[in-house]
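Listed below, chain by chain, are the residues.
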Amino acid sequence: MAQFLLETVWLVPLYALIGGLLAIPWSPGIIRKTGPRPAGYVNLIMTFLALVHSAIALQATWNHPPTEVFLPWLSTAGLDLTIAIEISSISVGAVVVITGLNFLAQIFAIGYMEMDWGWGRFYSLLGLFEAGLCALALCNNLFFSYVILEILTLGTYLLVGLWFSQPLVVSGARDAFLTKRVGDLFLLMGVLGLWPLAGTWNYPELAQWAETANVDPTIITLVGLALVAGPMGKCAQFPLHLWLDEAMEGPMPSTILRNSVVVASGAWVLIKLQPVLTLSPLVSSFIVGIGAVTAIGGSLIAIAQIDVKRCLSYSVSAYMGLVFIAVGARQDEAALLLVLTHAVSAALLVMSTGGIIWNSVTQDVTQLGGLWSRRPISGLAFIVGTLGLIGFPPLGSFWALLKLADGLWGTHPWLVGIVIAVNGLTAFSLVREFGLIFGGKPKQMTERSPEVHWPMVLPMMILFGFVLHLPLILQSLSLLPDWANINKDVALLLIWSSIFGCSISSVIYLSNIVPKPIRLPWKGLQDLLAYDFYTPNLYRITIIFSVAQVSKFADMIDRFVVDGIVNFVGLFSLLGGEGLKYSTSGQTQFYALTVLLGVGVLGAWVTWPFWGFQFLDLMF
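Residues numbered from 1 in each chain as written. Predicted model: local features only at pLDDT ≥ 70, side-chain atom pairs only at ≥ 80, totals over all residues. Heavy atoms only, no water.

As recorded by an unreviewed UniProt entry, the protein chain carries the name NAD(P)H dehydrogenase, subunit NdhF3 and is attributed to Trichormus variabilis.

Caption draft 1: Quick peek at helix α12 (residues 264–272). In terms of burial, α12 is largely enclosed, as nine of its nine residues are buried. Listing the buried residues of α12 in full gives Ala-264, Ser-265, Gly-266, Ala-267, Trp-268, Val-269, Leu-270, Ile-271 and Lys-272. (Buried < 20%, exposed > 50% of the residue type's maximum accessible area, 1.4 Å probe, protein only. Helix = DSSP H or I, 4+ residues; strand = E, 2+ residues; numbered from the N terminus.)

Caption draft 2: A look at the UniProt feature "domain: NADH:quinone oxidoreductase/Mrp antiporter transmembrane" (unreviewed entry) in the protein chain. As annotated in UniProt, the feature "domain: NADH:quinone oxidoreductase/Mrp antiporter transmembrane" (unreviewed entry) corresponds to residues 140–419 in the numbering used here. Between the first and last C-alpha atoms of residues 140–419 the distance is 31 Å; the span itself is 76% helix and 0% strand. (UniProt positions renumbered as here; feature names shortened; annotations may be inferred.)

Caption draft 3: Quick look at unusual backbone geometry. That bond from Phe-238 to Pro-239 is cis: its omega, 0°, falls within 30 degrees of zero. You can see Pro-239 is positioned in the loop between α9 (217–234) and α10 (242–246). Here Pro-393 and Pro-394 are connected by a cis peptide whose omega angle stands at 5°. The topology assignment puts Pro-394 in the loop between α17 (376–389) and α18 (396–409). Residue Ala-236 is not a glycine yet carries a positive backbone phi of 55°.

Caption draft 4: Inspection of the packing of aromatic side chains at higher detail. Taken as a whole and assessed by the stated rule, the structure comprises 13 aromatic pairs. Between Trp-195 and Trp-201, the aromatic rings sit 4.7 Å apart at their centres with planes inclined by 45°, giving tilted as the arrangement. On the numbers, 5.2 Å between centres and 75° between planes, the contact of Phe-398 with Trp-399 is edge-to-face. By relative accessible area, which is 0% here, Phe-398 ends up buried. Classification of Trp-399 as buried rests on a relative accessible area of 6%. Grouping aromatic residues by their ring pairs yields a cluster made of Phe-143, Phe-144, Trp-195 and Trp-201. (Phe/Tyr/Trp six-rings, centres within 6.5 Å; stacked < 30°, edge-to-face > 60°.)

Caption draft 5: The side chain of Ser-313, seen in detail. You can see Ser-313 is positioned in helix α15 (residues 308–328). You can call Ser-313 buried: its relative accessible area is 1%. With near-sequence residues (within four places) excluded, Ser-313 lies in contact with Leu-244, Asp-245, Met-248 and Asn-259. (Contact = heavy atoms within 4.5 Å.)

Caption draft 6: Local environment of the nonpolar core. Counting residues in each nonpolar core, the largest one holds 166 residues, and the members touching the most others are Leu-142, Leu-227, Leu-322 and Leu-338. For this core, the two domains that each supply at least three residues are domain 1 (1–140) and domain 2 (330–518). Apart from residues lying up to four places away in sequence, Leu-338 is in contact with Tyr-319, Leu-322, Val-323, Ala-326, Ala-400, Leu-401 and Leu-404. (Core = buried A, V, L, I, M, F, W, Y, C linked by side-chain atoms within 4.5 Å. Domains from an automatic or database assignment.)

Caption draft 7: View of the pattern of salt bridges. Inspection of every chain in the model, using the stated rule, returns three salt bridges. The residue Lys-272 makes a salt bridge to Glu-86 at a minimum N-O spacing of 2.6 Å. Here Lys-272, found in helix α12, pairs with Glu-86, found in strand β2 (residues 79–87); they are 186 residues apart in sequence, far enough to count as distant. One exposure class covers both Lys-272 and Glu-86, and it is buried. The partner of Lys-403 in a salt bridge is Glu-333, with the nearest N and O atoms 3.5 Å apart. On the criterion of sequence distance, the pair formed by Lys-403 in helix α18 and Glu-333 in helix α16 (residues 332–358) is long-range, its members being 70 residues apart. For Lys-403, a relative accessible area of 35% gives the class partly exposed. Among the residues examined, Glu-333 registers a relative accessible area of 58% and is labelled exposed. (Salt bridge = Lys/Arg side-chain N within 4 Å of Asp/Glu carboxyl O.)

Written out as C-alpha cells, the structure reads:
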C-alpha cells in the first residue's frame with residue numbers, strides 16, 4: 001500500500017484541485033439553499049486525503065534515493081517539454097508541510113469566516129494555492145516551475161482581492177500583483193536565456209551541466225540575475241518586498257499560507273537553481289547582498305510598525321533574507337531547514353494574532369493590551385511561535401540558524417554578525433508585539449475580547465504542539481547535530497542575542513519603567529523606519545512617475561500622430577467626395593472627356609523619361 005501511494009504521490013496536487021473545482025458551485029450567486037459551508041467541508045476532506053497520501057508516501061521515501069517520473073507533454077521543432085517530477089524525501093516532505101498547513105488553515109477559516117458568504121471563492125482559491133505549491137515541490141523542471149509560479153501570482157491577486165467591494169482591498173490586490181509581475185518578467189527572460197546555454201530545463205541536468213560549463217561570464221551573470229529576480233519577488237526581498245505588506249488586506253486564513261509556505265516558493269526555486277547561480281560569483285554576491293539588506297532592513301522596519309499584520313509581514317521578509325544569504329553562501333541544507341522551521345512558527349504566529357483581529361475592532365497594536373488574562377491560549381501560542389522563530393534552544397529555528405552561522409563561520413564571518421543581529425532584532429520585535437497586545441492593562445478595545453471559539457483554537461493547538469515537538473521530529477530523522485559537535489561559540493552568540501533582544505524589549509514594553517508610546521530621540525529615524533525607508537515614495541517618484549510620463553507621451557502620439565493621420569485621410573476623403581459631388585453634371589460626353597484626360601495624364605507620366613531623352617538629343 002505504501003509503495004503504491006509512493007508511486008502515485010505525483011497525483012497529490014489533484015486532490016486540492018478537485019476540491020477547488022467542487023467548491024466553485026457553492027457561490028452565493030448559484031446555490032442559495034444549502035449556504036456556502038459545503039464548499040469548505042469538501043475542500044477540507046480533499047486536503048485531508050492529500051495529507052494522508054503524502055504522509056504515508058514520506059515514510060516510504062526515507063533512506064531511498066530520489067526517483068524521477070516523466071510525463072510527456074509537448075515535443076516539436078527540437079523543443080521537448082516533458083513534465084519531470086522528483087519523488088524524494090525532501091520533495092514529499094515539502095508536500096506534507098504544505099498540505100498539513102493548508103488543512104489547519106482551512107479549519108481555522110471555518111471559524112474565522114463563519115459569517116462570510118464568499119466560502120466558494122475562498123476555498124476554491126485555497127485549493128488552487130495548495131495544488132500549485134504541491135506541484136512546485138514535486139516539479140523538477142524550471143520551465144514548468146515558472147508556469148506554476150505564474151499561477152500562484154494570479155492566485156495571490158484573486159485571494160487578496162476576495163472582498164473586492166472595499167477600495168483598499170482592490171488597490172492591495174493590484175499592487176501585489178504588479179509588484180510580483182516585475183520579478184516574474186525578469187524570471188521569464190532568465191528561463192528563456194538559459195535554454196540556449198544549457199539545452200535543458202531539468203534541474204538535475206542543469207546541475208550536471210553547471211559542473212563543466214564554460215560560458216561567457218557576462219552572459220551567465222545576466223542570466224543569473226534574471227533568474228534571481230523572480231525569487232526576489234516571491235520571497236518579498238528588497239526592493240520587491242512591498243507586495244507582502246499590501247497582501248495583508250486579504251483574509252487572515254490565507255495569510256497563514258502566504259506567510260509560511262507561499263513566500264518560500266521563490267526560495268525553493270532558488271535552492272534548485274543554486275548550481276547554476278554559482279557559475280557567476282557576482283550573482284552569488286548579489287544574492288547575499290539582497291538577503292543581507294532585506295534581513296536587516298525588514299527587522300528594523302518591523303520594530304516601528306503599529307499594524308499587527310505589518311509587524312509580522314516584515315519579519316517574514318527578514319527571515320527570507322536569511323534564506324537568500326544561505327543560498328548565496330552555498331548552504332542549501334541550512335536554507336531548507338530555515339524554510340521548514342519558519343513555516344510552522346510563522347503560521348502559529350498568524351493564527352494567534354488572527355483570532356485577535358477577528359473579534360477586535362482594530363489592528364493597531366497601540367490600541368490593544370491586557371489580553372493575557374482574557375486570551376491565555378492565544379498568548380501561549382504567540383510565545384511558542386516567537387521562541388520557535390528565534391535562536392532559542394532546543395526549538396527548530398535555533399538549529400537552523402546554528403547550521404547557517406556555523407557554515408558561514410569559517411568563510412564569511414561578517415555574515416555571522418548579520419545572522420546574530422537579525423536574530424536579536426526579530427526577538428525584540430516579536431516581544432514588543434507581545435507586550436503591546438497581551439501585556440499591560442486592558443484598554444477600551446480589549447475590555448471585552450474573549451478567547452476565540454474552537455474551530456480557531458483547535459488548529460492553533462495542533463500547530464502549538466508541532467512547533468514544540470519539531471526538534472524531536474528532526475532528531476528522529478537524523479537532521480540535528482550532536483551537542484558534542486556543535487560550534488559552541490556560534491551557539492552562545494545566538495542564545496545571547498535572543499536573550500538580549502527579548503530582555504530589552506521586555507523592559508521597554510512589559511514594564512512601566514519606560515513611558516509609552518516609545519519615541520526615538522531623532523524623529524527622522526523613527527519616520528524612516530515607520531514609513532519603510534520611504535520605499536513607496538521612491539516608487540512613486542521613480543517607477544510610477546516614469547511609467548506615467550511614458551503613458552502620457554504614448555497618449556499624445558496616439559492622439560495627435562496616429563489619430564491625426566487617420567483623421568486627415570478621412571477629412572481628405574470627405575472633402576474629395578464633396579468636391580466630386582458638385583462637379584458631376586450627368587452628361588455622357590463630360591464623363592468621356594474626364595476619362596480621356598486621365599488616360600492622357602497617365603500616359604504622359606509613364607512616357608516622361610523618353611521625352612526627356614529626346615529633348616536632350618534635340619538640344620545637342
